[in-house]
Amino acid sequence: MMAASSKKVGATSSSGSTHQHAWWSSSSSIAALLFVVPLVVVFGLISLLGPDTANWVFTSPSASLPLNLTATSTSSGYSNSNDDVLGLQSTVVVVDMHGIEEAHSDDSVQNRSSSPPLAIEEEEEAALPTLQQPNVIRGDDFTNETHASIMERRQRKKTNLGWLEARLRRARAAIREAKFGNQTRDVDYIPNGPMYWNANAFHRSYLEMEEKFKVFVYGEGEPPLFHNGPCKSIYSMEGNFIHEIEVNKQFRTRDPEKAHVYFLPFSVTMLVRFVYVRDSHDFGPIRRTVRDYVNIVSEKYPYWNRSLGADHFMLACHDWGPETSNSNPYLRKNSIRALCNANTSEGFNPSKDVSFPEINLQTGDTHGFIGGPSPRLRSILGFFAGGVHGPIRPILLEHWENKDPDLRVHQYLPKGVSYYDMMRQSRFCLCPSGYEVASPRVVEAIYTGCIPVLISDHYVPPFSDVLNWRSFSIEVSASDIPNLKKILTSISSRQYLRMQRRVLQVRRHFEVNSPPKRFDVFHMILHSIWLRRLNVRVHDDQ
């Protein structure tokens, strides 16, 4: 094309002008080429070596709450995943690659996940970006060095975090397949019945947890604020869990590279006791303590910054657990918060947070608390005794205190009357919220074989990702308290007997054992954390 242009110019100008113009055109083209080629090379290298995004992806297993909860910062972005969200309830939510929320039935999930999972090595290769060689001379030393460093990084990822994530993908696939498969054998216990959203999926998930799940406990911090907690109070589950996870040989790992989650072992109860100045209404000292602790572990280890806390968890049974998590914005927004005070009106998010039971271990164990007579020996329709605090209990006492022989509602029990004996004589045990939504009466009812009646607003019952509470408990809103007797008497004897049997069946999931036993409360807390971790995808491209 340049030759044709030169001939045309030669027909209308002198020979010298022709040669001058041709030389200028050729020089301009060469100069442009010399400018463009390095520019292309530079952009190619930038695309390979530039800052990465999407260090983690969180997808929600809850069908009733907003999804695609992601963390953003100046150094970490986010991306959506088109993988199916793992959920054990009858309806799950799938987040497509554009972040659109769609509800699907179990059948649709089965169709989506019917293809066999890739091998670990194949999955990891598919997750890594394809290496594009820049269009430069192949003998360039810098290019060879860059290629070697990228290949080394890919290999390192494949053997560490990438390997862990690949195993989690295999676990998710196995759990989904179990939802529609045959019951897995188990020498100790096989979940079965309407108490579970999907007994097969729960059992498969539990077995996968036992085989794979690893927890790293940060060693920084000194007792009593860290690595310690109460074991003989209404907040006893804090101390029990901290102790049991730290001495556990099955789930705890001392190698952080092998961990799926990272535990921040501070006790909110101990913070309130030793850091908070009584009646000061100043939450600052507690916030500073937790904030400083997170800063220490984030500076010493790479794991917090890698996921912005999404694969980290805290555990608190004290009422101030949610408030304590405000000490760090990512602790509240991204981390798994295992809380007794599971109040959605205060920011509890079942998509990523864990509700576990409040258990008042007055003597440090459950000896003498568990057990009760058969249903035919329970002569009291409903029972409650407790202090007046919070918005719900005054309403309950106003309508029913000492007003009906069938509903034994008391602020103070008569002298000589045993609280636990009253529960054992009752068919239904009323569990109204106090200042906070959680109440130890829920577990006390289950221990004594009494059907719990949850009277609360915004409460997410413990382990409700696995347990179908409507099959073995009654949920009553505060507005229905005047109709309480009518609601309870409308339950037929046949239905009551079914529900009472289910209470006895799920009781194992709320029992405290030392050492822990399979399927007990310690393992159920771990399983709920395991489920949340399954729906978080973490990768390290730094």
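Refer to the structure above for everything that follows.
Residues numbered from 1 in each chain as written. Predicted model: local features only at pLDDT ≥ 70, side-chain atom pairs only at ≥ 80, totals over all residues. Heavy atoms only, no water.

## Let's talk about the overall build of the protein chain
Part 1 of the argument: Along the backbone of the protein chain there are 19 helices and 14 strands.
Part 2 of the argument: Relative to its full complement of 542 residues, the protein chain shows a buried share of 52%.
Part 3 of the argument: Pairs at least 24 residues apart make up 70% of the contacts formed inside the protein chain by residues separated by at least 6 positions. (Helix = DSSP H or I, 4+ residues; strand = E, 2+ residues; numbered from the N terminus. Buried < 20%, exposed > 50% of the residue type's maximum accessible area, 1.4 Å probe, protein only. Contact = heavy atoms within 4.5 Å.)

## Quick notes on the packing of helix α7 (residues 199–212) against helix α19 (residues 521–534)
Part 1 of the argument: As a packed pair, α7 and α19 sit with axes 10 Å apart at the nearest point and diverge in direction by 95°. In terms of orientation, α7 and α19 fall into the roughly perpendicular class. Along the contact surface, α7 presents Phe 202, Ser 205, Tyr 206, Glu 208, Met 209 and Lys 212, while α19 presents His 523, Met 524, Leu 526, His 527, Trp 530 and Leu 531. (Axes fitted to C-alpha atoms, helices over the stretch in contact; angles between N-to-C directions. Parallel < 35°, antiparallel > 145°, perpendicular 65-115°, else oblique.)

## What to know about the sheet that holds strand β9 (residues 380–385)
Part 1 of the argument: Pairing in this open sheet of five strands is parallel, and the strands run β10-β9-β11-β12-β13 from one edge to the other. Each having just a single partner strand, β10 (407–410) and β13 (474–476) make up the two edges of the open sheet. Along the sheet, successive strands turn relative to each other by an average axial angle of 20°, direction set aside.
Part 2 of the argument: For strand β11 (residues 426–432) and strand β12 (residues 451–455), the ladder comprises five bridges, and the chain directions are parallel. The residue of β12 that forms the bridge with Cys 431 is Leu 454.
Part 3 of the argument: Helix α14 (residues 393–400) rests against β9, β10 and β11 of the sheet, and its axis sits at about 125° to β10.
Part 4 of the argument: Strands β11, β12 and β13 of the sheet are contacted by helix α18 (residues 493–506), whose axis makes an angle of about 95° with β12. (Pairing = 2+ DSSP bridges.)

## Regarding the pattern of salt bridges
Part 1 of the argument: Under the defined criterion, the tally for this structure stands at 18 salt bridges.
Part 2 of the argument: Note that Arg 337 is salt-bridged to Asp 353, the shortest N-O span being 2.9 Å. Taken as a pair, Arg 337 in strand β7 (residues 336–339) and Asp 353 in the loop between β7 and β8 (354–355) lie far apart in primary sequence, 16 residues in all. When sorted by exposure, Arg 337 lands in the same class as Asp 353, which is buried. (Salt bridge = Lys/Arg side-chain N within 4 Å of Asp/Glu carboxyl O.)

## Notes on unusual backbone geometry
Part 1 of the argument: Note the cis peptide between Pro 223 and Pro 224, where omega equals 10°.
Part 2 of the argument: Structurally, Pro 224 can be placed in the loop between β4 (215–217) and α8 (236–247).
Part 3 of the argument: Of note, the amide linkage connecting Ser 514 to Pro 515 takes the cis form, showing an omega dihedral of 0°.
Part 4 of the argument: By secondary structure assignment, the location of Pro 515 is in the loop between α18 and α19.
Part 5 of the argument: Even without being a glycine, His 458 presents a positive backbone phi close to 70°.
Part 6 of the argument: Along the polypeptide, His 458 turns up in the loop between β12 and β13.
Part 7 of the argument: Here Phe 463, not a glycine, exhibits a phi torsion of approximately 55°, which is positive.
Part 8 of the argument: Of note, Phe 463 is situated in the loop between β12 and β13.
Part 9 of the argument: Of the residues examined, Phe 463 reaches a relative accessible area of 1% and is grouped as buried.

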